[in-house]
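Residues per chain are reported as follows:
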Amino acid sequence: MAVPGNTAFAGSSIPDYAKLRNYLVALVTQDFVPSDLTPEKRRLAVEDRLKEALARTKLTLSDSIRFHLIQDIIDEVTGFGPIQSLLDDPNITEIMVNGPKKVYIEKKGRLERTNVSFEDNLHILKIIDRIVSPLGRHIDADSPMVDARLPDGSRVNAIVPPCAVDGASLTIRKFRKEKLKIAQLIESGSLTHAMADFLRACVLGRLNIIISGGTGSGKTTFLNVLSGFIPEEERIVTIEDAAELQLQQDHIVRLETKLASVEGHGAVSIRELVRNSLRMRPDRIVVGECRGGEALDMLQAMNTGHDGSLTTIHANSPRDALSRLETLVLMAGMDLPLKIVRQQISSAVDVIVHMSRLRDGTRKITFITEVAGMEGDVVVLSDIFKFNQTGVDAEGRILGQHKSTGIRPLFGPRLEAAGFKLGADIFGATAADMAMAHQRR
């Protein structure tokens, strides 16, 4: 991890750490044109130049200080500065820079403050610019927000003054290099074997599925996992703001939105991409997240033969997901009666999978819910599986278990027609559970 500030040099005759570091960075980067080098060769070239520069200073440094200084400067010149060590740590899932001296991480579901620091706000702005410039994007006082992604696929959001009152802020959702499998989620307690078998049948049976949940609940991760059940021979079109899905099939077309140019022209929205995807002969349409008027186009696609579509939506519960979907459809500006919107939703969406990030940092599927049609003006929901929390142990871990409600989904015959006959063990529940579930229904 990079040495913060100049604490390693306190009380010694060695020059101020920041000044020495900046002096060496200037020496190393002077007349250095690494554009034709691979990242690894560039790193080695910087290391060689740095050792020569250090020799010229004739400073006597301890091995530990020398190691930290070299690593710090290599990260600054070839990587993303102070946060490079955090990006390299596979156990860190999110990095949050709130200011030069306030860098937080999420590790194993918990937030921690690090000892990593930037020199000042200008240093943060320099790293943000290094991230967004290769993508043809910019950030300044006139355009103070930007979404981008790192070369490894990690998702980046940056916001600077005047919108960020206390200085530039940077948030990075790290890209998971290894592809998560359903077995790993079962092992971690995110869902059960019965739930996995049920969802596999739903995907193969071409049901339309919405994954709902709050920020950081694991929606995109689980969308990746579910998409792994899509047969290899099907043509998949993915649509995202910033491409981060890691689908495993071969026949995939990945579409990504485009921001407007500096002159304000050329923007391409998710809604436009959804419409265009319908002309691309897709077997499946996978939208990374519905957050605007594209929800209407997505519902229309689901209702006009594009079965088996998948998307995510921000919501706090399955019922809230429907309300959110209604709002997004109305954002399309079509002035549709609310009852018509609900009819569109009830006929298009088959299953809502709700993800939750619990207080102990764990992520679980807390509901698998069927959209069971309409009763009057109300969309009917039936919970098929749910997570019942029973308490908290001495170490703060959430206790509970996933249970079937005993209700068999109305789309069961569709799954059977597609060759998936789900056994009674999947929906196993006690008589008391079933009675309570039917009363709620």
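Shown above is the structure to which this text applies.
What counts and what doesn't
- Residues numbered from 1 in each chain as written.
- Predicted model: local features only at pLDDT ≥ 70, side-chain atom pairs only at ≥ 80, totals over all residues.
- Heavy atoms only, no water.
- Pairing = 2+ DSSP bridges.
- Helix = DSSP H or I, 4+ residues; strand = E, 2+ residues; numbered from the N terminus.
- Axes fitted to C-alpha atoms, helices over the stretch in contact; angles between N-to-C directions.
- Contact = heavy atoms within 4.5 Å.
- Phe/Tyr/Trp six-rings, centres within 6.5 Å; stacked < 30°, edge-to-face > 60°.

Caption draft 1: Representation of the sheet that holds strand 6 (residues 169-173) in the model. If you trace the six strands from one edge of the open sheet to the other, you get 3-2-1-6-5-4, paired in antiparallel fashion. At either margin of the open sheet sits one strand with a lone partner, and together these are strand 3 (110-113) and strand 4 (145-149). Recorded for the sheet is a direction-independent mean angle of 15° between the axes of neighbouring strands. Bridge count between strand 2 (residues 102-107) and strand 3: four bridges; the pairing is antiparallel. For lysine 107, the partnering residue across the bridge sits in strand 3 and is arginine 110.

Caption draft 2: Molecular detail of the sheet that holds strand 13 (residues 363-375). Taken together, the nine strands give an open sheet; going across it, the order is 9-8-10-11-7-12-13-14-15, and neighbouring strands pair in mixed fashion. On the outer flanks of this sheet lie strand 9 (252-256) and strand 15 (398-404), each paired with one strand and no other. Within the sheet, the average angular offset between the axes of one strand and its neighbour, ignoring direction, is 25°. One ladder, built from two bridges, connects strand 10 (residues 284-287) with strand 11 (residues 310-314); its direction is parallel. Bridging across to strand 11, valine 287 finds its partner in threonine 311. Seen against the sheet, helix 12 (residues 338-348) touches strand 13 and strand 14 (378-392) and runs at an angle of roughly 120° to strand 13.

Caption draft 3: Main features of the packing of aromatic side chains. Tallied over the entire structure, the rule returns four aromatic pairs. Joined through ring pairs, the aromatic side chains of Phe198, Phe385, Phe411 and Phe427 make up one cluster.

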